[in-house]
Amino acid sequence: MRWLVLLILGFALAGAADGQVGGNLASLPPIDLRIDITNGPDGKPILRPAELKMITGDYYRLTLSSDGKGRDSRGDPLARRVELNEFLANIHLRILTIQGVEVHLQGLSFRAIEFDEKGEAAFTFVPIRPGDYPVYVGPNPFGLGRPAGEQGVQNDPKVAFLTIHVE
């Protein structure tokens, strides 16, 4: 009986070790990708590139950069809010970096990144599920008179989208 338990335990351990991806989901260095947010002549954000392509299991660093030139109808600086909720739900996050400060998330998440002025934010991650994921950039809902903490696409002409394709 004891040999049977040891045999089953041995197979279970061998199967668990075989299921890992080289023992490390985030092998260095990450593949660098970038989304640049600039202000169009009509005040609408312009996103470049229009789409990103990734592969599940690869390790990436995505840098978001804003020129900080967005303006509201009064001419005041317009906060650009970047939302990628569906994408964030399908990746393993590692590190969030804002203006050189690193936050080690190790699987935790965030909801949005907002640029009130010119700046950059980056995060490293491993995509874990294939799919097409929208990225929305628009004004802060609170700045449009919406309740604090609201998220999602706002009814405003100054919005832009891109798609992240994960294979």
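Look up a bit, the structure's there.
Residues numbered from 1 in each chain as written. Predicted model: local features only at pLDDT ≥ 70, side-chain atom pairs only at ≥ 80, totals over all residues. Heavy atoms only, no water.

Moving on to the overall build of the chain. Counting secondary structure elements, the chain contains two helices and 11 strands. Sequence-ordered secondary structure for the chain, helices as α and strands as β, is α-β-β-β-β-β-α-β-β-β-β-β-β. For the chain, buried positions account for 37% of its 167 residues. Sequence-distant contacts, at least 24 apart, represent 73% of the contacts inside the chain between residues at least 6 apart. For the chain, the exposed surface amounts to about 9900 Å²; the carbon and sulfur share of it is 56%. (Helix = DSSP H or I, 4+ residues; strand = E, 2+ residues; numbered from the N terminus. Buried < 20%, exposed > 50% of the residue type's maximum accessible area, 1.4 Å probe, protein only. Contact = heavy atoms within 4.5 Å. Areas by Shrake-Rupley, 256 points an atom, 1.4 Å probe, with all protein chains shown as cover.)

Before going further, it helps to examine the sheet that holds strand β11 (residues 160-166). With mixed pairing, the five strands of this open sheet are ordered in space as β3-β11-β10-β5-β8. Across the chains shown, the open sheet's two edge strands, defined by having one partner strand only, are β3 (51-54) and β8 (112-115). Across the sheet, the axes of successive neighbouring strands diverge by a mean angle of 20°, strand direction being ignored. In terms of strand pairing, β3 meets β11 through four bridges, oriented parallel. Residue pairing across strands places Met54 opposite Val166, the latter belonging to β11. (Pairing = 2+ DSSP bridges. Axes fitted to C-alpha atoms, helices over the stretch in contact; angles between N-to-C directions.)

Turning to the nonpolar core, a few remarks are in order. The biggest cluster of nonpolar side chains holds 30 residues, and the ones touching the most others in it are Met54, Phe87, Phe110, Phe123, Phe125 and Ile164. No other element matches β11, which puts four residues into this core. In contact with Ile164, not counting residues within four places along its chain, are Leu52, Met54, Phe87, Gly131, Asp132, Tyr133 and Val135. (Core = buried A, V, L, I, M, F, W, Y, C linked by side-chain atoms within 4.5 Å.)

Below, the discussion takes up the side chain of Asn90. With respect to the helices and strands, Asn90 occurs in the loop between α2 (85-88) and β6 (91-98). With a relative accessible area of 12%, Asn90 lands in the buried category. Here Glu86 takes part through its backbone oxygen, which lies 2.7 Å from a polar atom of the side chain of Asn90. Excluding residues that lie within four positions of it along the chain, Asn90 makes contacts with Pro127, Ile128, Arg129 and Tyr133. (Polar contact = N/O pair within 3.5 Å; in protein donor to acceptor, adjacent residues only side chain to side chain.)

A few words on the environment of Pro127. With respect to the secondary-structure elements, Pro127 resides in strand β9 (residues 119-127). Counting along the chain gives 71 residues from Pro127 to Thr56, while the straight-line C-alpha distance between them is 4.8 Å. Residues contacting Pro127, with those up to four places away along its chain left out, are Met54, Ile55, Thr56, Gly57, Asp58, Tyr60, Asn90, Ile91 and Val166.

Time to look at the pattern of salt bridges. This model, assessed by the stated rule, comprises five salt bridges. The salt bridge involving Asp36 is made with Arg34; its shortest N-O contact spans 2.9 Å. According to the relative accessible area criterion, Asp36 is partly exposed, its value standing at 27%. Assessed through its relative accessible area of 35%, Arg34 is described here as partly exposed. With a closest N to O distance of 2.8 Å, Arg81 and Glu83 form a salt bridge. Accessibility assignment for this pair places Arg81 and Glu83 in one class, buried. Here the salt bridges share partners, and the residues they tie into one network are Arg34, Asp36 and Glu120. (Salt bridge = Lys/Arg side-chain N within 4 Å of Asp/Glu carboxyl O.)

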